[in-house]
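Structural description and commentary
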Amino acid sequence: MKRKTVSLATALLLCLTSAVSFAAETIKIGALYPMSGRGGLYGQDSEAAIKIALAEVNAKGLPGGRKLEAIVTDDQSKPALAVTLAKRYITEDKVKFLYGVVSSGAALAVTEVSKEYKTIFVGSDHAATDLTANAFQKYYFRVSNNTYQSMAAGAMYMQETKMGGKIAYIGPDYAYGRDQIAELKYSLGKLGVKYEMVGEFWPKLYEPDYTSYITAIIKAKPDVLVSGFWGGDTVAFIKQAKAYGLFDKMKYFHPDGGGNYEVFSTLGAECPEGLIMSARHHNNWPDTKENKDFVQKFHKATGRYPSYAAEGAYAGILVIAEAIRKVGNADDTEALIKAMEGMKIKLPEDPAGFTSYIDPKTHQMAQAQAIGVTVKNDKFPPAKYALGNMKVYAADKIMPTQEYIDILTKSKKK
Amino acid sequence: MNNKLVTMAPWLAYFLIFGSLVFAGGDHTIHIASQVIILGLFAIAFNVLFGTTGLLSFGQAIFYGLGAYITGMMAKSFGGDFFVWALLIAPVAAITLSVLLGALSLRLSDVYFTMLTLAFAQLVWGICVKWSSFTGGDDGIQAIPKPELLAGGLNYYIFSFIIVTVCIYLLWRLDRSPFGAVLKGIRQNPTRISFIGLNVFRHKLLAYMISSGFTAVAGGLYAGIDKSIHPDMFVWTMSGSIILMTILGGMRSFFGPLIGVAIFILLEDVIGRSTQYWSFVIGAIMITVVLLFPKGVVGISRHFAGLFAKKGGQLDNP
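None of these values were measured; they are calculated from a predicted model.

1. Observations concerning the sheet that holds strand E12 (residues 356–358) of chain A
Residue and element names in this part refer to chain A. Ordered in space as E11-E12-E13, the three strands form an open sheet in which the pairing is antiparallel. Strands with a single pairing partner mark the edges of an open sheet, and in this sheet they are strand E11 (344–345) and strand E13 (365–366). Where E11 lies against E12, two bridges are found, and the strand directions are antiparallel. Across the sheet, the residue bridging to lysine 344 is tyrosine 357, located in E12.

2. Comments concerning the confidence of the model for chain A
Note: predicted coordinates in regions of low pLDDT should not be interpreted at a detailed level. Confidence in the prediction for chain A averages 91 pLDDT; 94% of positions are at 70 or higher. For the stretch residues 12–23 of chain A, pLDDT sits under 50, and the model shows three contacts to residues farther than four places along the chain or on other chains.

3. A few points about the packing of helix H3 (residues 61–78) of chain B against helix H10 (residues 200–225) of chain B
A pair of packed helices can be characterised by two numbers: the angle between their axes and the separation between those axes. Residue and element names in this part refer to chain B. Following both chains from N to C, one finds H3 and H10 inclined at 50 degrees, their axes separated by 6 Å at the closest point. On the basis of their axis angle, the class for H3 and H10 is oblique. For the crossing formed where H3 meets H10, the hand is right-handed. Taken together, the residues of H10 that come into contact with H3 (itself represented by Phe63, Tyr64, Gly65, Leu66, Gly67, Ala68, Ile70, Thr71 and Gly72) are Ser212, Thr215, Ala216, Val217, Ala218, Gly219, Gly220, Tyr222 and Ala223. Class assignment of the residues belonging to the contact of H3 with H10 gives a composition of 10 nonpolar, eight polar and no charged.

4. Comments concerning the domain arrangement of chain A
Residue and element names in this part refer to chain A. The domains assigned to chain A are domain 1 (10–145 + 287–366) and domain 2 (148–281 + 369–412). Put simply, the middle of domain 1 and the middle of domain 2, counted by C-alpha atoms, are 28 Å apart. Opposite the 25 residues of domain 1 that make contact, domain 2 presents 29 residues. In terms of residue count, the dominant contributor to the side of domain 1 that touches domain 2 is helix H12 (residues 308–327) (three residues).

What counts and what doesn't
Residues numbered from 1 in each chain as written. Chains lettered and ligands numbered in written order. Predicted model: local features only at pLDDT ≥ 70, side-chain atom pairs only at ≥ 80, totals over all residues. Pairing = 2+ DSSP bridges. Helix = DSSP H or I, 4+ residues; strand = E, 2+ residues; numbered from the N terminus. pLDDT = per-residue confidence, 0-100. Contact = placed C-beta atoms within 7 Å. Axes fitted to C-alpha atoms, helices over the stretch in contact; angles between N-to-C directions. Parallel < 35°, antiparallel > 145°, perpendicular 65-115°, else oblique. Left-handed = near helix turned anticlockwise from the far one by under 90°. Nonpolar A, V, L, I, M, F, W, Y, C, P; charged D, E, K, R; others polar. Domains from an automatic or database assignment.

Written as structure tokens, this is what we have:
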């Protein structure tokens, strides 16, 4: 009898201790970002933003008193390495979520791992439309814009400001650059905007010298130069083109990545006025409390202002935390997916009166896109310019159409 | 008897380590082990040119990438059941291409040969990236199907282990054959080999073809690990890594390259967990090895074995 009591007590004690250790166990997120080289700033900004978001959601509390934790590893934007790390995250570190990834090539490889291991992958930075279209799988979610959304907004901007006429395009020679012009043409066609392509120019990614392209563009005499660069390439191109007076001869239109803070902070006073650009997040717009708080928190933590990568990385953590709160735990993947589908979440980049939401069908975050013109603004040093005169395009107007998804699926099916 | 034991010891270790993983390895270990044996085959095949024949090719990634793309694209178009057949077609295609490239580049010697192989590799990489409608361009190819039987990390590891072992055995026999002796002779003194009446160029070309064929098998196998492939596999840094791994392990030993690959990948995994600067550590180790132990890790162990055994010096020439 006595023995029974003892064993019962022991069993109870065991249960209790295991419950305690269970409660203390953190929910892990395995993040992959380039931390050095040309894309390094995207990774560093993302890591800083993840820390800010984690502090917020953990302070607010999660079901069972559990905490969210993120492991960040340098994937060098190499697909094979990203896959190895993603598999290690799942099998060794037991992460519940894969996260981040800047390179679309790496993301396309990681989404396969996510599918195979039935682990949710929250993409925060890569823009290839494929991931929420032809390469879509249900464990994948993207919390930042894809190129289609930027280009659809771009086409509407062109229609609104009567910017048709002769168009030339320059963009990096890989999927990201190629998709943008295809998507812009598609959207222009849908809107019935008349234009004539007078040239497409394909420098390789990280090209150091654009002189030959710049002279060729000037010779083609377009009314509008559409640009599909990102990061340091934008900076290098603008600097070189300015020396040739390119911006006096035509409008410069850069709807996806042109207006990134990284570009303004690097160009400083050298930034030309009147460039028409956009980005996935702006430090000076919208003028909401959420955005101001986010930008200030980031500045306080790092001593610099965030590039758009930061906001995407910040957003994903909020989404994950919200899903866990809804479901009550982080173990029921299927329930988490259901919770994320259609989820509404207020983000720094949301203009007043709008809340970002996840499209339940494609798992793409629907967000408004604002396009503006470079004007003097020294509130976010070292940048001397920022975007102003913003025109805003509603989220539901710029989501990829089923027709476009079908076209993409058909053209990329091999 | 004792001598036989010495020659068989590496094989024993090979089966003991990679065989036991089948029963003891966790998911991640199996994934890492698959990479080690597959890249190990690549490195050993590369060493037929480098360590044995004395030809430093900076373009073996061509055949690695080619193997991966042929296997991946064929499996993708004809279905998962075709995967194994594609693995057989890959080396045939690689050997055909190697005859062409070899005929053009092997007539040059030393650094000119190296430069030309590098140029070819960049050319093929360029085609792979630019021809995006056919190859998937920079995004690579994902969701490569495999037969049901090979699904799952462990099954695929066993499959790869069998194929790699057969390939390594064939290369090992080759290394110890008269043909292998001629290749070593070419490395040491090509003029003398031609004086014996042997055709140096033809032997080099054969070595190049063999190396390329086995490299393509490695590439094809890789297409099945992650089920995704990328133009990165063609880039010169891929060839460069294999050269580094081979030197790290020891290019004068048959199993040296495999040891180099294992060390490299393990370091990447272990150090990569704690710091983003793991390549710095690898670099430091490389400099130490090259400066102090030019015969690689195998050289180091032989050096210490030599201190204990009286006939240590003899071990230096396998």
